[in-house]
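Chain by chain, the residues:
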Amino acid sequence: MSAVLVVGNEQVPVEADLGELTPADHPQWGGLLRGVPERLAAAMQRGEDARLRWPDGQERSVRLAGVLQTDDPGRLLVAVLGEGTPPAE
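Residues numbered from 1 in each chain as written. Predicted model: local features only at pLDDT ≥ 70, side-chain atom pairs only at ≥ 80, totals over all residues. Heavy atoms only, no water.

Draft legend 1. Spotlight on the pattern of salt bridges. Enumeration according to the criterion identifies seven salt bridges in this entry. Between Arg53 and Glu59 there is a salt bridge, with the nearest N and O atoms lying 2.8 Å from each other. The network of salt bridges with common partners includes Asp49, Arg51, Arg53 and Glu59. (Salt bridge = Lys/Arg side-chain N within 4 Å of Asp/Glu carboxyl O.)

Written as structure tokens, this is what we have:
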């Protein structure tokens, strides 16, 4: 799905492959973001506030969850965990 990653004052479109994580005592969600610029991934590593915004306006905070990787075309893959309730699709 398409989303906008917001880190500080910067906003960039990304591809988000997200879902609910199980098992969990309460709803948890997370997944992979593709196409994150290196400067924003570095800002997330430093603990700067990061949010995902969907086309319908829903927005949730996310945090880095794991090591940064690249896919075959060389795009940065960023694993995230979401905060709050999972976004409705």
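Draft legend 2. Spotlight on the confidence of the model for the chain. Chain-level pLDDT for the chain is 88 on average; 92% of the residues reach the 70-or-more range. Taken element by element, the chain is modelled with least confidence in strand S6 (residues 69-70), mean pLDDT 85, and with most confidence in strand S4 (residues 50-53), mean pLDDT 96. (pLDDT = per-residue confidence, 0-100. Helix = DSSP H or I, 4+ residues; strand = E, 2+ residues; numbered from the N terminus.)

Draft legend 3. Broad picture of helix H1 (residues 38-45). Looking at H1, one finds that the buried residues are Leu40, Ala41, Ala43 and Met44. Projected down its long axis, H1 shows its buried positions confined to an angular sector of 155 degrees, all on one face. Every exposed residue of H1 that faces more than 90 degrees away from the buried side is listed here: Glu38 and Gln45. Buried residues along H1 sit against strand S1 (2-7), strand S2 (10-20), S4, strand S5 (59-64) and strand S7 (76-82). After H1 finishes, the residue Gly47 shows a positive phi value of roughly 90 degrees. (Buried < 20%, exposed > 50% of the residue type's maximum accessible area, 1.4 Å probe, protein only. Arc of directions from axis to C-beta. Contact = heavy atoms within 4.5 Å.)

Draft legend 4. The arrangement of the pairing of S4 in detail. Of the two faces of S4, only one is covered, namely that formed by Ala50 and Leu52; the face formed by Arg51 and Arg53 stays uncovered. The pairing of S1 with S4 spans four bridges and is classified as antiparallel. Pairing of Val4 across the sheet is with Arg53, part of S4. With four bridges connecting them, S4 and S5 associate as antiparallel partners. Within S5, the position partnered with Ala50 by the bridge is Val62. (Pairing = 2+ DSSP bridges.)

Draft legend 5. Here's a closer look at the pairing of S1. With six bridges joining them, S1 and S2 adopt antiparallel strand pairing. Looking at S2, one finds that Val6 is bridged to Gln11. Connecting the antiparallel pair S1 and S2 is a turn made up of two residues, with Gly8 showing a positive phi of about 60 degrees.

Draft legend 6. Summary view of the packing of aromatic side chains. On inspection of all chains with the given rule, the structure shows one aromatic pair. Measuring from ring centre to ring centre gives 6.1 Å for Trp29 and Trp54, while their planes differ by 65 degrees; the resulting arrangement is edge-to-face. In this pair, Trp29 sits in strand S3 (residues 29-34) while Trp54 sits in the loop between S4 and S5, placing the two residues 25 residues apart along the sequence. Accessibility expressed as a relative area gives 2% for Trp29, which makes it buried. (Phe/Tyr/Trp six-rings, centres within 6.5 Å; stacked < 30°, edge-to-face > 60°.)

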